[in-house]
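Examining the three-dimensional arrangement
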Amino acid sequence: MEQLIDQNTYFSHHNPYHEKLKSFDDFVLRDEEGEAFRGNWSKNAFKNQGPLVLEIGSGYGHFMMDFCSHYPEINFVGMDYKFKRSFQLAQKLEKLERKNFFFLRANGARVDRLFSESELDQVFYFFPDPWPKNKHKKKRLFQKNFLKQVHSVLKPQGKFFIKTDHSDYAEWMKALLLECPFFQIETVSFDIRQEHPEHFLSSFQTKFEKIFLKKDIPIKGFELTCLKEGP
Ligand SMILES: C[S@@+](CC[C@H](N)C(=O)[O-])C[C@H]1O[C@@H](n2cnc3c(N)ncnc32)[C@H](O)[C@@H]1O
């Protein structure tokens, strides 16, 4: 029965990397383990009041590692749901001396179980799987409910940064954003590097971005501000 249930949402995993990730338990949290910090990441996990940011889909962690070393004062939570990739990233993260991060082996569809209302300063979401076939589009993470969750966990005026190589996914995102009143669109570009070379989103290349740039694929970028009443 357990094997019939989606391994990304069910907690009793048969994937061997789930167990292996336990050896990094000073900075890796698996599934519901991260939920224990919900509402108290600054106080109980990082034990400081620095800004709190989340990256969904950290992949091989190039952005995460660069960002953490450039901004030691920022508390960074990386996240990916692939087991082996998470394990490989954990091996690299372990070697870093300064641990201004945690890593979640968890699903981005559970963001509001991991963070409480207005807990995050920024959310990063770079090169998400585009699920290009029509019959698979429902698997895209970027859906109304996901937007609602990101809106809920971001502070008023908190930022949501997105990059994708995929034109159809970018159009999909733009249409949803125009439909949902959760974010102000500060920047939307279908070629961010050409149109906004000074923008934060043009200032770094993730691992997947390098591959797309080599193929001359324009990078699409969004900078969004969370529209919410302040306290
Ligand atoms: C195309 S890769 C991009 C990785 C990295 N952001 C980069 O730009 O190099 C997409 C990553 O998102 C992860 N991912 C996809 N859907 C996810 C979800 N629902 N929750 C967490 N991670 C997810 C995948 O496992 C994969 O590592």
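The structure this text deals with has already been given above.
Computed from a predicted model, the values in this text were never measured in an experiment. (Residues numbered from 1 in each chain as written. Predicted model: local features only at pLDDT ≥ 70, side-chain atom pairs only at ≥ 80, totals over all residues.)

As a matter of local geometry, the ligand sits amid 20 residues, with Gly57, Gly59, Gly108, Phe127 and Thr206 nearest to it. Going through the elements one at a time, β3 (75-80) and α9 (207-214) are the ones with two or more residues in the shell around the ligand. Within the shell around the ligand, the residues separate by chemical class into nine nonpolar, five polar and six charged. (Near = placed C-beta within 6 Å. Helix = DSSP H or I, 4+ residues; strand = E, 2+ residues; numbered from the N terminus. Nonpolar A, V, L, I, M, F, W, Y, C, P; charged D, E, K, R; others polar.)

Our next topic: the sheet that holds strand β1 (residues 28-30). Across the sheet, eight strands lie side by side as β1-β4-β3-β2-β5-β6-β8-β7; this open sheet has mixed pairing. The sheet terminates laterally at β1 and β7 (183-189), the two strands that pair on one side only. Here the strands of the sheet are splayed against their neighbours by 15 degrees on average, with no regard to which way each runs. Pairing of strand β2 (residues 52-56) with β3, which is carried by five bridges, proceeds in the parallel orientation. Bridge pairing in β3 places Glu55 opposite Gly78. (Pairing = 2+ DSSP bridges. Axes fitted to C-alpha atoms, helices over the stretch in contact; angles between N-to-C directions.)

Note that all results are geometric; they support no functional claim without further evidence.
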